[in-house]
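So you can see what is in the structure, the chains are spelled out below.
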Amino acid sequence: MTDGKPLGFDTQQIHAGANPDPATGARQVPIYQTTAYVFRDADHAAALFGLQEVGYIYSRLTNPTVGALGDRIAALEGGAGAVCCSSGHAAQIMALFPLMAPGRNIVASTRLYGGTITQFSQTFKRFGWSATFVDFDDLDAVKAAINDDTRAIFCETIANPGGYITDLDAIAEIADGAGIPLIVDNTTATPYLCRPIEHGATLVVHSLTKYMTGNGTVTGGAIVDSGKFDWSASDKFPSLSQPEPAYHGLNFHETFGPAAFTFHGIAIGLRDLGMTLNPQAAHYTLMGIETLSMRMEKHVANAKKIAAWLEGHDAVAGVTYAGLASSPYKDRVPKICPKGAGALFTVQLKDGYEGCTKFVGNLQLFSHVANLGDARSLVIHPASTTHRQLTQAQQIAAGAAPDTVRLSIGIEDADDLIADLDQALKA
Ligand SMILES: *Cc1c(COP(=O)(O)O)cnc(C)c1O
């Protein structure tokens with residue numbers, strides 16, 4: 001049927017990971033709402049627990065509905081495997097857990113989701129981990145921030161909220177040179193707009209809560225492994241490259257090769273951290289992903305039109321959208337996300353903090369919520385909400401200054417959205 005040619009994105013977003021149910025022939029992936037699975041006999045049970053045989057034991061570890069979603073996301077990202085988990089923030093911890101230990105650090109971009117900055121700068125300390133935040137446009141500073149204890153580099157493809165696009169290839173080259181993995185949060189781009197592994201990323205993390213599900217019903221996350229990193233090339237990643245005491249001395253890299261990170265994520269990550277995605281949530285995300293490409297096309301078309309309209313409005317001081325000719329990052333669009341710069345951007349209002357809170361209050365079609373990547377258009381004032389925990393300097397570095405409103409453009413009629421923005425700016 002396929003002559004060995006890889007299936008296209010639109011085909012994979014519907015078919016990858018989903019075969020007819022072997023028990024019933026059900027065409028859609030069933031919701032396996034079960035906690036446990038009956039063992040054939042004592043030998044089968046022992047083989048499953050010893051990882052000699054792959055199968056189902058207990059849904060904290062694996063579940064067929066959640067597994068189908070992981071396989072689909074791995075296919076769309078071009079990875080060797082994926083582990084789903086309960087949220088985007090869980091995915092970040094799950095991605096770092098096999099790599100880190102007390103005293104180790106990561107080098108992270110200053111331009112990140114507000115909650116991620118808080119997780120990295122505050123909660124990390126409880127584990128004895130730390131993060132060094134650097135401007136990722138300053139490649140020398142990124143290199144200089146790496147030391148012997150650095151175990152990963154972390155950035156976002158299209159950074160929320162400022163419309164910043166990371167030069168992934170340049171950062172991947174630095175990670176390669178240092179012998180450490182590059183982890184890319186691809187939440188706001190989705191694999192339809194960018195596949196970070198093709199730009200050198202080792203691991204890709206997702207908040208499935210956003211565009212991947214696409215309708216504001218689910219909290220979920222995923223970690224995709226490229227399968228390309230040589231965990232045994234140095235002694236930096238003993239949990240993967242040496243006998244792991246937490247799994248009776250199993251050497252994951254030697255045993256599972258390119259699937260080492262994925263097996264570790266299930267056998268130790270989900271087993272001991274318990275950040276499991278439930279099968280009902282996995283079902284909603286599978287449904288959402290079936291239309292990912294079509295939704296992203298419409299998100300991007302609407303965002304381009306609305307960003308251009310806003311840029312010409314009298315009350316607007318600036319629009320940071322990489323899809324605009326005025327953006328300093330416009331040259332990275334054809335290289336990193338040629339199908340478009342996403343649908344998330346910020347607007348600076350001439351009336352500052354107060355103008356922003358009024359504007360948000362006046363909008364009617366746009367919902368004032370702490371979310372993004374929904375089919376409906378959303379708005380928030382980061383400085384008084386998502387980025388409130390940050391200092392003003394951190395807010396400005398993250399593109400969330402007091403005069404800035406963030407828009408997540410949905411897939412409604414662009415003209416209706418423009419009319420709503422117009423009345424809210426006039427009021
Ligand atoms: C929302 C978001 C997260 C966190 O995901 P949750 O599912 O809310 O835990 C991380 N990174 C980015 C870019 C996000 O937009």
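In this text, all values refer to a predicted model and were calculated from it rather than measured experimentally. (Residues numbered from 1 in each chain as written. Predicted model: local features only at pLDDT ≥ 70, side-chain atom pairs only at ≥ 80, totals over all residues. Heavy atoms only, no water.)

Another point: the domain arrangement of the chain. Each domain of the chain was delimited in the assignment, giving domain 1 (9–99 + 181–288) and domain 2 (292–426). Centre-to-centre separation of domain 1 and domain 2, based on C-alpha positions: 32 Å. The interface of domain 1 with domain 2 comprises 20 residues on the first partner and 23 residues on the second. Counting each side, the surface lost to burial between domain 1 and domain 2 is near 1700 Å², with a carbon and sulfur contribution of 58%. In terms of surface lost to domain 2, no three residues of domain 1 exceed Tyr192, Leu193 and Tyr211, which account for 46% of the buried area on that side. Linking domain 1 to domain 2 there are zero salt bridges. The tally of links from domain 1 across to domain 2 stands at 10 residue pairs in polar contact (both at pLDDT 80 or more). At the level of elements, α1 (9–15) and α8 (190–193) are the ones that each hand at least two residues to the side of domain 1 that touches domain 2. It is α8 that provides the largest number of residues to the side of domain 1 that touches domain 2, a total of four residues. Its residues placed into classes, the side of domain 1 that touches domain 2 shows eight nonpolar, 10 polar and two charged. (Domains from an automatic or database assignment. Contact = heavy atoms within 4.5 Å. Buried area = accessible area lost by both parts, 1.4 Å probe. Salt bridge = Lys/Arg side-chain N within 4 Å of Asp/Glu carboxyl O. Polar contact = N/O pair within 3.5 Å; in protein donor to acceptor, adjacent residues only side chain to side chain. Helix = DSSP H or I, 4+ residues; strand = E, 2+ residues; numbered from the N terminus. Nonpolar A, V, L, I, M, F, W, Y, C, P; charged D, E, K, R; others polar.)

Turning to the pairing of strand β8 (residues 203–207), a few remarks are in order. Burial analysis of β8 places five of its five residues in the buried class, the great majority of the element. In β8, alternate side chains face the same way, and those of Leu203, Val205 and Ser207 on one face and Val204 and His206 on the other are all buried. In the sheet, strand β7 (residues 182–185) pairs with β8 via three bridges, with the strands oriented parallel. Each residue of the ladder has a partner; that of Ile183, found in β8, is Leu203. (Buried < 20%, exposed > 50% of the residue type's maximum accessible area, 1.4 Å probe, protein only. Pairing = 2+ DSSP bridges.)

When the UniProt feature table is mapped onto this chain, "modified residue: N6-(pyridoxal phosphate)lysine" (unreviewed entry) is found at Lys210. Tracing the backbone shows Lys210 in the loop between β8 and β9 (221–225). What makes Lys210 buried here is its relative accessible area of 8%. (UniProt positions renumbered as here; feature names shortened; annotations may be inferred.)

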